[in-house]
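# Residue-level structure breakdown
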Amino acid sequence: MLLKITLLINPNDLETAFITKPGAKNFFMSLGKSVQKGMLQLLVLSRKPETRQKRINEIATFAQQQMNPTSLYESTNKKIEKS
């Protein structure tokens, strides 16, 4: 799975979410590689399937609205650090 992150290969469930949100994939692909990797790491680090699905929806929605999702990444890191 880490190899897929390194190679920036989007998981199938994220690709499916991009299909339902026009323009989301193009914007996501235009983000810097480090931002994309951070978003993909959030998916890999999800312990529960519902957490993973929530993050997929958030990533796709941010991308559709052409918003940089780093705030999503930063808020999740703060939660992890507090644990």
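Before reading further, recall that the structure is shown in the block above.
Now for a quick tour of the structure. Remember, it's a predicted structure, so these values are computed and weren't measured experimentally.

Next up on the list: the packing of helix α4 (residues 33-44) against helix α5 (residues 49-64). At a minimum axis separation of 8 Å, α4 and α5 run at an interaxial angle of 160°. When the axis of α4 is compared with that of α5, the two are roughly antiparallel. Contacts between α4 and α5 involve Met-39, Leu-42, Leu-43 and Val-44 from the first element and Arg-52, Arg-55, Ile-56 and Ile-59 from the second. Looking at the contact of α4 with α5 residue by residue, the classes come out as six nonpolar, no polar and two charged.

Moving on: the side chain of Asn-10. Looking at the secondary structure, you find Asn-10 in the loop between α1 (2-6) and α2 (12-20). Within the local environment of Asn-10, its side chain forms a polar contact with the side chain of Glu-15, the two groups lying 3.0 Å apart. In this structure, Asn-10 is in contact with Glu-15, Phe-18, Phe-28, Met-29 and Leu-40, ignoring residues within four places of it in sequence.

Along an α-helix, a turn takes 3.6 residues, which lines up residues three or four apart on a common side. Compared with the 22 Å implied by 1.5 Å per residue over 16 residues, the 22 Å span of α5 between its first and last C-alpha is a close match. For α5, the complete set of buried residues consists of Arg-52, Arg-55, Ile-56, Ile-59, Ala-60, Phe-62 and Ala-63. Projected down its long axis, α5 carries its buried residues within an arc of 160°, all on one side. Once α5 ends, the next one or two residues include Gln-66, with phi positive near 55°.

A few words now on the nonpolar core. One broad trend across soluble globular proteins is that nonpolar side chains are buried collectively. Membership of the largest hydrophobic core comes to 17 residues, with the highest contact counts inside it found for Leu-14, Phe-18, Phe-28, Leu-43, Ile-59 and Ala-63. Those elements that place two or more of their residues in this core are α2, α3 (24-30), α4 and α5. It is α4 that provides the largest number of residues to this core, a total of five residues. Setting aside anything within four residues of it in sequence, one finds Ala-63 in contact with Phe-18, Gly-23, Ala-24, Phe-27 and Phe-28.

Here is what the cut-offs are and how they apply
- Residue numbers here run from 1 along each chain, matching the order of that chain's written sequence.
- pLDDT decides what is reported in this predicted model: residues at 70 or higher carry local features, side-chain atom pairs at 80 or more are listed and counted, and totals for whole chains, interfaces and linings draw on all residues regardless.
- Calculation of side-chain values draws on the structure's entire complement of heavy atoms; hydrogens and water are dropped beforehand.
- In this description, a line fitted to the C-alpha atoms serves as the axis of each element, helices being fitted only across the stretch in contact, and the angle between N-to-C directions of two axes falls anywhere from 0 to 180 degrees.
- Each helix is a run of DSSP H or I of at least 4 residues and each strand a run of E of at least 2, with the numbering of both proceeding from the N terminus.
- Working rule for angles: under 35 degrees goes down as roughly parallel, over 145 as roughly antiparallel, 65 to 115 as roughly perpendicular, anything else as oblique.
- The criterion used for residue contact is that any of the two residues' heavy atoms lie within 4.5 Å.
- Classification convention: Asp, Glu, Lys, Arg as charged; Ala, Val, Leu, Ile, Met, Phe, Trp, Tyr, Cys, Pro as nonpolar; all other residues, Gly among them, as polar.
- Polar contact is defined as a pair of N or O atoms within 3.5 Å, subject to the rule that within protein one atom must be able to donate a hydrogen and the other to accept it, and that residues adjacent in sequence are counted only when both atoms are side-chain atoms.
- Expected span of a helix, by definition, is 1.5 Å for each gap between consecutive residues, and there is one gap fewer than residues.
- Summary of the burial criterion: residues with accessible area below 20% of their type's maximum are buried, those above 50% are exposed, and those between are partly exposed, where the area comes from a 1.4 Å probe applied to protein chains only.
- Think of the arc as the fan of directions from the helix axis to the C-beta atoms.
- Definition used in this section: a nonpolar core is a set of buried Ala, Val, Leu, Ile, Met, Phe, Trp, Tyr and Cys residues joined via side-chain atoms within 4.5 Å.

Remember, this is a structural readout, not a statement about activity or role.
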